[in-house]
Amino acid sequence: MSSVISNMMATASLGGNSISPPVANKILHTHKYLNVETPDNYHWMKDMNKEKRPEIISYLTEENKYTQALHLDHNAKLIETIYDEFVSRVQEDDADPPVYKAPFHYYKRTEKGKQYPIYARKKGDMSAPEEVLLDQNQLDFEFQSLGLYKVSPDHSILAYSLDTVGDEIHTIYFKNLATGKLLEGDSLKGEEIEWTNDQRAVYYTILDDIHRQHKVFKHVLGTDPASDQLIFHEEDEKFMVSIHKSVSQQYIFISSASSLTTEMSLLDAATGEGNLRVFSPRKFRHQYQVEHQENRFLVLTDGSGEFLNFKLCSCPLDATSADNWEDILPYDPLVHLTGLHAFKTHVALYSRTNALEQIQIIKSSELGKAITKGSSSYTLEFDEPLYTVAAAGSSSQSYDGSILRFSYSSPLTPPRVLEHDTASNTHKILKQTNVPNYDPSKYVMKLIYAPLPKGTENATAPGNTPIPTQVPIQVIHRKDLVLDGKNPCLLYGYGSYGISIDPDFQQRVFSYVDRGYVYATANIRGGGECGRAWHWTGKFLQKKNTFEDFAAAAKALVEQKFTSPDRTAIEGRSAGGLLIGAVLNRNPEIAAVAIAGVPFVDVINTMMDDKIPLTINEYEEWGNPNEREYFDYMSEYSPYDNLAPSKHFPDVLVKAGLNDPRVQYWEPAKWVAKARVVHADHAKQGKIIVFDCKMGSGHFGHSGRYAYLKEAAADYAFVIDRVAKSIEKSKS
């Protein structure tokens, strides 16, 4: 394998006027799946060991040197300018509204120049002395991502977890808040926790070898973790386990869920004693959620697809199987019920319709009893045509009170934290995020549409659930922008897992918009913006609809005179990177520049290796390629397997993290190496493919807020620089 290093090193010329990219050696490996043989010259880049082989590190280092020279050094002044713009729009000394948990007010704040938040509390009222519970800036890790942060019910112990390399494997620490010292014997390898109400113990989840939360243990503080009691073990590798406590604090729920099926169990949260009780036994393709209110449990169920967008039911506390569930609201196939918070006197029901989120308040008819079919309700109203609302976490809510806390923002309105009083049906703004050097009156936001591409209009979802006939596209631009088709544009997309890219406030995008860019987000199928049918018609054997929708969105932006292809950049991350890779194979002419962040591009080879973290539970999103129908379909769109020469292939920035457990580094590395060979004439056209692999982080890049902004500034600079070159070329 030493020839791999020498070959790479010899071809990476970083001096003078001519900068050549690294050329990875070709070592033929033949994959054989279902009697189909596929050659792979770059399989050698794959190494699942924690310590990667030297030749791989050497290759990635050479790629980073090339990126440094051709992009980061070349754009250094522009990167610094954009970074300064980002920081200028940040209130660097800031604090979240406190959450009152008697007798303390808990809050998080930031200080100018410091990378990480400071978590603190004050006793009695906010004029009291501050007690710092956790200051991440004092921790000695180059990378640190805070996982959980939970104070015990008696306020004496802080539990928090850290990932210090970017692999999303956390260590849980317990801190005595009276002494400020860690409880050394109680540190755990784990992901989620919930305290018992007597604060003697915690329940926590652990990961298996494929990065799946699969077990729940009970740890009694002060005892040896090796003796912790196993509470639950999910053996089906398609399922992942999570735990949470009801807002009422009476129950701890253990959820075992795949992409298609849910089973929930519950424990008494008082002491954690007693037997684990299955709420309703799992049934394939039946998904449900549970919350507790007074004398009943509330259930959101999809009825195994019959009620794909979920309906709201309830059941007695002692009779929880599905045959005991009674309807509270009639099912509406056009409204996706996404979650709920239950309080003593009311319920906040979260939903999505027409690509916008809503909050419905349902009030109990009788004190001490849960909501029923006859309970009165109303829906919160918001003025802007585009916006997003998000529930504050359960820890920010008070079960006994009349107040609902939530956040609101829009593409032009910075985040607000609001409290809605259900007793008076009134809002109060607790915090309006201050964004310096920003004037919303200079901009306009709108929702435009692209018709569903021809041949995809008849896509179907379970329960004959209807889907919209158009692809929504969120657009922001300056008010004074002339829509003449000559504006640069950044089009962002994702389109997988039912995840919604909502119209919220992102201060960074104004560094595009202030330069005359149109910033657009395509809400394509595979995402959840238009309900679960929107997701279903962009997964499994309908996945190609995702790519067709994105191309249709790009075409609509051109037809409606926002931009032109030679002025368009496209971007996606993770599964959105798959989107970019597939679109560049199928419709490379739609853009001049592309960013593929941590892209899932080696679809077949990854999905056929069940030892790669998180692969098996992905079968229920993409399909199981061990079945020939899915293998053939996925083979038709896998970006790595479908690279083909095209004069339209754009400038591309590809990003990865060496420690990424979600999309392993070798996928983008292989894709870049092969793309440079397939598009051999690319460099002759003055175009570049650069690969930036962060050697000390994972899927989400840098952990510190300033470091993250610097990384984002580099991405913006790449787009702005390469789009400018494309425009200049089109004029010549």
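Here the structure is a predicted model, which is why all the values come from computation and not from measurement. Here the residue numbering is sequential within each chain, running from 1 through the sequence in written order. Given that this is a predicted model, residues contribute local features only at a pLDDT of at least 70 and side-chain atom pairs are listed and counted only at 80 or more, while totals for whole chains, interfaces and linings are drawn from all residues. The side-chain figures draw on all heavy atoms in the structure; neither hydrogens nor water molecules are used.

Asker: Help me get a handle on the overall build of the protein chain, residues and values and all.
Answerer: Helix and strand definitions follow DSSP, with helices as H or I runs of at least four residues and strands as E runs of at least two, each counted in order from the N terminus. Summing up its helical and strand segments, the protein chain has 12 helices and 39 strands in all. Taking 2.2 N^0.38 as the reference for a compact globule, 732 residues should give roughly 27 Å; the C-alpha atoms of the protein chain span a radius of gyration of 26 Å, in line with that estimate. Dimensions of the protein chain, computed from C-alpha atoms along their principal axes, come out at roughly 75 × 60 × 55 Å. For this analysis, residues touch if any pair of their heavy atoms sits within 4.5 Å. In the protein chain, once contacts between residues fewer than 6 apart in sequence are set aside, the share between residues at least 24 apart is 60%. For accessible areas, the Shrake-Rupley method is used with a probe of radius 1.4 Å. Any residue's cover is judged against the shown protein chains and nothing else. Carbon together with sulfur atoms contributes 50% to the accessible area of the protein chain, which is approximately 29500 Å² in total. Residues scored as charged are limited to Lys and Arg (positive) and Asp and Glu (negative), so that His and the chain ends carry no count. A single reference atom marks each charge: NZ on Lys, CZ on Arg, CG on Asp, CD on Glu. When the 77 basic and 94 acidic side-chain charges of the protein chain are each reduced to a single mean position, those positions are 4 Å apart. We take the radius of gyration over the C-alpha atoms and set the globule estimate at 2.2 Å times the residue count to the 0.38 power.

Asker: Report on the environment of Asp 610, specifying residues and quantitative values.
Answerer: Its place among the elements puts Asp 610 in the loop between helix H8 (603-607) and helix H9 (619-622). Placed 32 residues apart in sequence, Asp 610 and Leu 578 show a C-alpha to C-alpha distance of 19 Å. For Asp 610, the residues in contact, after removing those within four places along its chain, are Ile 210, Thr 615, Ile 616 and Tyr 619. A polar contact of 3.3 Å, which involves the side chain of Asp 610, links it to the side chain of Lys 611. Nitrogen and oxygen atoms within 3.5 Å of one another constitute a polar contact, given that in protein one can donate a hydrogen and the other can accept it, and given that sequence-neighbouring residues count only through two side-chain atoms.

Asker: Describe the pairing of strand E38 (residues 651-657), naming the residues involved and giving the relevant values.
Answerer: Burial classes: relative accessible area under 20% of the type maximum marks a residue as buried, over 50% as exposed, and values in between as partly exposed (1.4 Å probe, protein chains only). The element E38 is extensively covered by neighbouring structure, given that seven of its seven residues are classed as buried. Between any two strands, pairing holds if DSSP finds at least two bridges. The pairing of strand E37 (residues 593-597) with E38 spans five bridges and is classified as parallel. The partner of Val 593 across the bridge, within E38, is Asp 651. Where E38 and strand E39 (residues 689-694) come together, six bridges link them in parallel fashion. Across the sheet, residue Lys 655 finds its bridge partner in E39, namely Asp 692.

Asker: Before we move on, could you go through helix H6 (residues 544-559) and cite the residues and values that matter?
Answerer: Multiply 1.5 Å by the residue count of a helix minus one, and that product is the helix's expected span. With 16 residues, H6 extends 22 Å between its outermost C-alpha atoms, agreeing within 8% with the 22 Å of an ideal straight helix rising 1.5 Å per residue. Within H6, 12 of the 16 residues are buried, which leaves it mostly tucked inside the rest of the structure. All of the buried residues in H6 are Lys 544, Asn 545, Thr 546, Phe 547, Asp 549, Phe 550, Ala 551, Ala 552, Ala 553, Ala 554, Ala 556 and Leu 557. Taken from the residues just after H6, Lys 561 is the one with a positive phi, measuring 70°.

Asker: Please set out helix H10 (residues 628-637) residue by residue, giving values where relevant.
Answerer: Helical periodicity: at 3.6 residues per turn, an α-helix aligns residues three or four positions apart in one direction. Among the residues of H10, those classed as buried are Tyr 630, Phe 631, Tyr 633, Met 634 and Tyr 637. Buried residues along H10 sit in contact with strand E1 (29-33), strand E2 (36-40), H6, helix H7 (575-586), H8 and H9.

Asker: Requested: an account of the pattern of salt bridges, with residues and values cited.
Answerer: Put simply, a salt bridge is a Lys or Arg side-chain nitrogen that is within 4 Å of an Asp or Glu carboxyl oxygen. Counted according to the given criterion, the structure contains 47 salt bridges. Linking Glu 636 and Lys 544 is a salt bridge whose minimum nitrogen-to-oxygen distance equals 2.3 Å. One end of the pair, Glu 636, is in helix H10; the other, Lys 544, is in helix H6, with 92 residues separating them in the sequence. For Glu 636, a relative accessible area of 46% translates into the label partly exposed. Residue Arg 586 is joined to Glu 548 by a salt bridge in which the shortest nitrogen-to-oxygen separation is 2.7 Å. In this pair, Arg 586 is assigned in helix H7 and Glu 548 in helix H6, connecting sequence segments 38 residues apart. Salt bridges sharing partners connect three or more residues here, namely Asp 94, Asp 96, Lys 108 and Lys 431.

Asker: Could you give me a rundown of the packing of aromatic side chains, with the residues and numbers involved?
Answerer: Each aromatic ring pair is characterised by the separation of its centres together with the angle its planes make. By convention, a stacked pair of Phe, Tyr or Trp rings (six-membered ring in the case of Trp) has centres within 6.5 Å and planes under 30 degrees apart, an edge-to-face pair has planes over 60 apart, and any other such pair is tilted. In this structure the tally under the stated criterion is 35 aromatic pairs. Arranged with centres 5.1 Å apart and planes meeting at 35°, the rings of Tyr 512 and Tyr 517 form a pair that is tilted. Ring-pair connections join several aromatic residues into one group, and the members of that group are Tyr 251, Phe 253, Phe 279, Tyr 288, Phe 297 and Trp 325. Only Lys NZ and Arg CZ are tested; either one counts as a charge over a ring when it is within 6 Å of the ring centre and within 35 degrees of the ring normal. The ring of Phe 104 has Arg 121 lying over it, and the distance from NZ or CZ to the ring centre is 3.9 Å. Lying across the ring of Phe 239, Arg 282 places its NZ or CZ 4.3 Å from the centre.

Asker: Quick rundown of the sheet that holds strand E29 (residues 403-409)? Include the residues and the values.
Answerer: Taken together, four strands build an open sheet; the order of strands is E28-E29-E30-E31 and the sheet is antiparallel. Strands with a single pairing partner mark the edges of an open sheet, and in this sheet they are strand E28 (388-391) and strand E31 (426-432). In this sheet, adjacent strand axes meet at a mean angle of 30° when their direction is disregarded. Looking at chain direction, E29 and strand E30 (residues 416-421) are connected through six bridges and run antiparallel. What sits directly across from Arg 405, in E30, is Glu 419. A fitted line through C-alpha atoms serves as each axis, taken over the contacting stretch for helices, and the angle formed by two N-to-C directions is quoted from 0 to 180°.

Asker: Summarise the sheet that holds strand E23 (residues 326-327); cite the residues concerned and give the values.
Answerer: Taken in spatial order, the four strands of this open sheet run E20-E21-E22-E23, and their pairing is antiparallel. The open sheet has two edge strands, strand E20 (288-293) and E23, and neither has a second partner. Here strand E22 (residues 311-316) pairs with E23 via two bridges, running antiparallel. Paired with Cys 313 across the bridge in E23 is Asp 327.

Asker: Account for unusual backbone geometry, with residues named and values stated.
Answerer: Each neighbour pair has its own omega, and for Ala 102 with Pro 103 the value is 5°, a cis peptide bond. Along the chain, Pro 103 falls in the loop between strand E4 (99-101) and strand E5 (104-110). The phi torsion at Leu 34 lies on the positive side, around 50°, for a residue other than glycine. Relative to the helices and strands, Leu 34 resides in the loop between E1 and E2. Located in the positive-phi region is Gln 199, a residue other than glycine, with phi close to 50°.

Asker: Talk me through the packing of helix H3 (residues 76-88) against helix H12 (residues 705-731); I want residue IDs and the actual numbers.
Answerer: Relative orientation of the contacting elements H3 and H12 amounts to 125°, with a least axis distance of 8 Å. Between H3 and H12, the angle falls in the class oblique. Every pair of crossing elements has a handedness; the one defined by H3 and H12 is right-handed. Only Tyr 706, Leu 709, Lys 710, Ala 712, Ala 713, Ala 714, Tyr 716, Ala 717, Ile 720 and Asp 721 of H12 make contact with H3, whose side of the interface consists of Leu 78, Ile 79, Glu 80, Ile 82, Tyr 83, Phe 86 and Val 87. A breakdown of the residues in the contact of H3 with H12 according to their chemical character gives 14 nonpolar, no polar and three charged. Small angles under 35 degrees read as roughly parallel and large ones over 145 as roughly antiparallel, with 65 to 115 read as roughly perpendicular and the rest as oblique. Crossing handedness: left-handed means the near helix sits turned counterclockwise from the far one by under a right angle, and right-handed means the same turn made clockwise. Three residue categories are used. Nonpolar comprises Ala, Val, Leu, Ile, Met, Phe, Trp, Tyr, Cys and Pro, charged comprises Asp, Glu, Lys and Arg, and polar comprises the others, including Gly.

Asker: Could you give an account of the nonpolar core, naming the residues involved and the relevant values?
Answerer: Core analysis: the biggest nonpolar cluster contains 87 residues, and Met 45, Leu 60, Leu 491, Phe 550 and Ile 570 have the highest contact counts within it. The contacts of Leu 491, once residues within four sequence positions are left out, are Ala 520, Thr 521, Ala 522, Phe 550, Ala 553, Ala 554, Leu 557, Ala 569, Ile 570 and Glu 571. Buried Ala, Val, Leu, Ile, Met, Phe, Trp, Tyr and Cys residues form a nonpolar core when they are joined through side-chain atoms within 4.5 Å. Grouped together as the second largest cluster of nonpolar side chains are 58 residues, Tyr 350, Tyr 517, Leu 653 and Ala 713 included.

Asker: I'd like a description of the packing of helix H2 (residues 54-73) against helix H11 (residues 666-678), backed by residues and values.
Answerer: Relative orientation of the contacting elements H2 and H11 amounts to 65°, with a least axis distance of 12 Å. For the element pair H2 and H11, the recorded crossing hand is left-handed. Of the residues in H11, those touching H2 at Tyr 59, Leu 60, Glu 63 and Tyr 66 are Ala 669, Val 672, Ala 673 and Arg 676. When the residues that make up the contact of H2 with H11 are grouped by side-chain class, the tally is six nonpolar, no polar and two charged.

Asker: Go over the environment of Ser 638 with me, naming the residues and quoting the values.
Answerer: Mapped onto the elements of the fold, Ser 638 is located in the loop between H10 and E38. Taking the C-alpha atoms as reference, Ser 638 lies 30 Å from Ile 448; in sequence the two are 190 residues apart. Once residues within four sequence positions are removed from consideration, Ser 638 is found in contact with Asn 585, Val 601, Asp 602, Val 603 and Ile 604. In terms of polar contacts, Ser 638 uses its side chain to reach the backbone amide nitrogen of Val 603, at 3.3 Å. A polar side-chain atom of Ser 638 sits 2.8 Å from a polar atom in the side chain of Asp 641.

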